[in-house]
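Spelled out from the first residue to the last, the chains are:
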Amino acid sequence: QVQLVESGGGSVQPGGSLRLSCAVSGSTFSIQTMGWYRQAPGKARELVAAVRSGGIRNYADSVKGRFTISRDNAKNTVFLQMNSLKPEDTAVYYCNAALDYYRDHKYVEAWGQGTLVTVSS
């Protein structure tokens, strides 16, 4: 079974920083893309940032210049450094991974359980 374990969420004041991490268990697959999504109350889930295995990164316009996504392929871990946090960043953040299984090259999407980020004064 594949598991994505997130950590780093919490409560912070506007302008503060948080660093999220997500570790993916398993060794029978390669991780093609890792990313972070978020869902605020009453809002649809949206892509925050993603990084491909080759290093290509994508960010939502609302977080460009403030958030940085990175990954450690050897440790199957993805990070999201969040700086200059705003109240509108408040949401549950979900880790996502696109897995390519070695045996049959089946692609599977995996999700973490979510970690809450609250930005308020």
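Preceding this section is the structure that the text describes.
Structural notes, computed from the coordinates. (Residues numbered from 1 in each chain as written. Predicted model: local features only at pLDDT ≥ 70, side-chain atom pairs only at ≥ 80, totals over all residues. Heavy atoms only, no water.)

Some details on the overall build of the protein
Next up, step 1: The helix and strand tally for the protein stands at zero helices and eleven strands.
Next up, step 2: Start at the N end of the protein and walk to the C end: the helices and strands fall as β-β-β-β-β-β-β-β-β-β-β.
Next up, step 3: Taken over C-alpha atoms, the radius of gyration comes to 14 Å for the protein, in line with the 14 Å a tight globule of 121 residues would show.
Next up, step 4: Principal axes of the C-alpha set define a box for the protein whose edges measure 50 × 25 × 25 Å. (Helix = DSSP H or I, 4+ residues; strand = E, 2+ residues; numbered from the N terminus. Rg over C-alpha atoms; globule rule 2.2 N^0.38 Å.)

Side note on the pattern of salt bridges
Next up, step 1: Under the definition given, this model contains four salt bridges.
Next up, step 2: With a shortest N-O distance of 2.9 Å, Arg 38 and Glu 46 are connected by a salt bridge.
Next up, step 3: Asp 89 is the salt-bridge partner of Arg 38, the closest N and O atoms lying 3.0 Å from each other. Separated by 51 residues along the polypeptide, Arg 38 in strand β4 (residues 29-39) and Asp 89 in the loop between β8 (77-82) and β9 (91-101) bring together distant segments of the chain. For the residue pair Arg 38 and Asp 89, the accessibility class agrees, reading buried in each case. (Salt bridge = Lys/Arg side-chain N within 4 Å of Asp/Glu carboxyl O. Buried < 20%, exposed > 50% of the residue type's maximum accessible area, 1.4 Å probe, protein only.)

Focus: the state of the cysteines
Two cysteines whose sulfur atoms are joined by a covalent bond form what is called a disulfide.
Next up, step 1: Counting across every chain of the model gives one disulfide.
Next up, step 2: Across the disulfide, Cys 22 is cross-linked to Cys 95 (sulfur-sulfur distance 2.1 Å). With the S-S dihedral at roughly -85°, the linkage between Cys 22 and Cys 95 falls on the left-handed side. Of this pair, Cys 22 sits in strand β3 (residues 18-24) while Cys 95 sits in strand β9, and the two are 73 residues apart along the sequence.
Next up, step 3: Residue classification places Cys 22 among the buried positions, given a relative accessible area of 0%. (Disulfide = S-S within 2.5 Å.)

With respect to the nonpolar core
One broad trend across soluble globular proteins is that nonpolar side chains are buried collectively.
Next up, step 1: Core analysis: the biggest nonpolar cluster contains 30 residues, and Trp 36, Leu 80, Met 82 and Tyr 93 have the highest contact counts within it.
Next up, step 2: Of all the secondary structure elements, the ones that give two or more residues to this core are β3, β4, β5 (46-52), β7 (67-72), β8, β9 and β11 (115-119).
Next up, step 3: It is β9 that contributes the most residues to this core, five residues altogether. (Core = buried A, V, L, I, M, F, W, Y, C linked by side-chain atoms within 4.5 Å.)

Take it as geometry only, folks, not as evidence of what the structure does.
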